Amino acid sequence: MYKLFTHNDLDGVACAVLAKLAYKDDIEIEYCGSPAEVTKRLNECNWKEYNQIFVTDCSFFPDKINQKKMFSNIKMFDHHPTAVEVFKDYTGYKVIKTEHECGATLWHYYLVNKGLIEERPVFVELVRAYDTWDWALGNDKMAYYLSNLVFSMGIKDFVISFTEKLKHNDIDYLNIFDYKERVILEYTEKQKSIRIKKAVNNAIRVLDKYAVTYSSVDPSMLGNVMCDELKVDIAFVVNMETNRISARTNKDGVNVGELMKKLFNGGGHAKAGGAMITDCIVSPLVLIESRLKEWGN
C-alpha cells in the first residue's frame, strides 16, 4: 500500500488523479491545506505500513517530524520556491525552484519515467497553466474552468470523474467536460461573478498599498480582480471557513510567497501565496495590518 498527501487545490487534486491512474486502489490519499497540516498527518500516520509515502504540491516541516527514520520512506514533489530553504539541509529531497512548473508536472514526470502511467500531456498542461497563472496571458479559459470544477463538484467527485476519463486516453477540448459538468460550470460561473463583485466592494484598503476582503470564493481570481480594480500592490483574501489567508499580486518585483512566509509562516510563489491563521485573538484585518507595519511596509 502507498500513501499520498497532497494539496487541496486543482494542482494537488490533479496529483491525486494521476496517483489513482498509477496505483489504482493500492494508494490512500489525504488532502491538506498547508505544510502544517501535512506535518501533523505525517506524525499521526504509521509510516511503516506503507511501501512509500508521497507528498505532492506541498511541503512539511522536517524539524517537526517526530520519527526521523520516516524520511527514508518519503518522496516530495513540490514546486514552491519558499520550500527550498527549509529542505536545503536534508538529503533525498528534490524541490524544483521554478515558476513554470507545478506539482502535477513534477509528479507526472516521475510516474511516466517509472512506467506507471502513460503520458497525459493535455490534462497536466491545463493544470500547470492554471497553477502558474499562464492561462491568463491568453484567451483560453479551459484551465480556469477546470479549477472551478474542483470546487463546484467537490474533490471526491472530481477525482472519480477525471480518473475515469483519463484511464485509457488523454482528454481533449471536446470531451473534457460532460453535460452535467458544463451545467455545473455555467451556474457556478454566474454565482462566482456575483460573489467576486461583492467581495471587491467590501474590500478595505490597508496602508494605502494593500487591500483585504473576507470571502470563500476562489482567491486566485478574486485577488487578481482586486489588484486590477483597486490598484493595490497586494490583495489579501481571508477565508473564515478554512482559517486561511491568501495573497495575490500582479506587480513585478513583489514576492508574495516570501512575504507570506515571513509574516505568517506560510509560503507560495512570487505572484501568489497563502498561510493558515490559528489562535488569532484579533480580527484577521487587524492582524494583517499589524504584521505589515512590523515588516516595515
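Calculation criteria
- Residues numbered from 1 in each chain as written.
- Predicted model: local features only at pLDDT ≥ 70, side-chain atom pairs only at ≥ 80, totals over all residues.
- Heavy atoms only, no water.
- Patch = residues over 30% accessible without salt bridge, like charges linked within 9 Å, V, L, I, M, F, W, Y side chains within 5 Å.
- Areas by Shrake-Rupley, 256 points an atom, 1.4 Å probe, with all protein chains shown as cover.
- Salt bridge = Lys/Arg side-chain N within 4 Å of Asp/Glu carboxyl O.
- Helix = DSSP H or I, 4+ residues; strand = E, 2+ residues; numbered from the N terminus.
- Buried < 20%, exposed > 50% of the residue type's maximum accessible area, 1.4 Å probe, protein only.
- Contact = heavy atoms within 4.5 Å.
- Polar contact = N/O pair within 3.5 Å; in protein donor to acceptor, adjacent residues only side chain to side chain.
- Pairing = 2+ DSSP bridges.
- Axes fitted to C-alpha atoms, helices over the stretch in contact; angles between N-to-C directions.
- Parallel < 35°, antiparallel > 145°, perpendicular 65-115°, else oblique.
- Nonpolar A, V, L, I, M, F, W, Y, C, P; charged D, E, K, R; others polar.
- Phe/Tyr/Trp six-rings, centres within 6.5 Å; stacked < 30°, edge-to-face > 60°.
- Core = buried A, V, L, I, M, F, W, Y, C linked by side-chain atoms within 4.5 Å.
- pLDDT = per-residue confidence, 0-100.

1. Describing a nonpolar patch on the surface
Moving on, step 1. Nonpolar side chains collect at one region of the surface, where Ile 281, Val 282 and Val 286 lie side by side and expose about 300 Å² of accessible area between them.
Moving on, step 2. Mapped onto the elements, Val 286 comes out in helix H10 (residues 284-295).

2. Here's the deal with the pattern of salt bridges
Moving on, step 1. Following the criterion strictly, the structure yields 14 salt bridges and no others.
Moving on, step 2. The closest approach of N and O atoms between Arg 41 and Glu 37, which form a salt bridge, is 2.4 Å. Remark: Glu 37 and Arg 41 occur in helix H2 (residues 35-44); sequence separation between them is 4 residues, near one turn of the helix.
Moving on, step 3. Taking relative accessible area as the criterion, Glu 37 reaches 23% and is therefore assigned partly exposed.
Moving on, step 4. Connected via shared salt-bridge partners are Lys 3, Glu 28, Glu 30, Glu 37 and Arg 41.

3. Comments concerning helix H3 (residues 103-113)
Moving on, step 1. Judged by how many residues are buried, H3 sits mostly within the fold: 8 of 11 residues are covered.
Moving on, step 2. Buried positions along H3 lie against helix H1 (10-23), strand E3 (52-56), strand E4 (74-78) and helix H4 (121-131).
Moving on, step 3. Two residues or fewer past H3, Gly 115 is found with a positive phi of approximately 75 degrees.

4. Overview of the side chain of Ser 220
Moving on, step 1. With respect to the element layout, Ser 220 can be found in helix H8 (residues 219-230).
Moving on, step 2. Ser 220 sits in the buried class, given a relative accessible area of 11%.
Moving on, step 3. For Ser 220, the side chain forms a polar contact with the side chain of Arg 248, separated by 2.9 Å.
Moving on, step 4. With sequence-adjacent residues up to four places away left out, Ser 220 is seen in contact with Tyr 130, Trp 133 and Arg 248.

5. With respect to the pairing of strand E2 (residues 27-32)
Moving on, step 1. In this sheet, E2 lies alongside strand E1 (residues 2-7) in parallel orientation, the contact comprising 6 bridges. The residue bridging Thr 6 from the neighbouring strand is Tyr 31, located in E2.

6. Notes on the packing of helix H9 (residues 256-264) against H10
Moving on, step 1. It is the contact of H9 with H10, at a shortest axis distance of 10 Å, that shows an interaxial angle of 100 degrees. In terms of axis orientation, H9 runs roughly perpendicular to H10. Contact residues: H9 offers Leu 259, Lys 262, Leu 263 and Phe 264, while H10 offers Leu 287, Ile 288, Arg 291, Leu 292 and Trp 295.
Moving on, step 2. By residue class, the composition of the contact of H9 with H10 is 7 nonpolar, no polar and 2 charged.

7. Describing the packing of aromatic side chains
Moving on, step 1. Scanning the model with the defined rule gives 17 aromatic pairs in all.
Moving on, step 2. Members of the aromatic cluster, each reached through a chain of ring pairs, are Tyr 2, Tyr 23, Phe 54, Phe 77, Trp 107 and Tyr 110.

8. Quick look at the nonpolar core
For soluble globular proteins, the rule of thumb is that nonpolar side chains tend to be buried together.
Moving on, step 1. In terms of nonpolar packing, the biggest core is built from 58 residues, with Trp 107, Phe 123, Leu 146, Phe 158 and Phe 162 touching the most fellow members.
Moving on, step 2. Elements with a minimum of two residues in this core: H1, H3, H4, helix H5 (142-153), helix H6 (155-165), helix H7 (179-201), H8 and strand E8 (234-239).
Moving on, step 3. By residue number, the principal contributor to this core is H1, which donates 11 residues.
Moving on, step 4. With 19 residues, the next largest nonpolar core counts Val 256, Leu 259, Ala 275 and Leu 287 among its residues.

9. Things to note about the confidence of the model for the protein
Moving on, step 1. Of all residues in the protein, 94% have pLDDT values of 70 or greater, and the mean over the chain is 89.
Moving on, step 2. Per-residue pLDDT stays below 50 along residues 89-97; that stretch engages in 20 contacts with residues further than four places along the chain or on separate chains.

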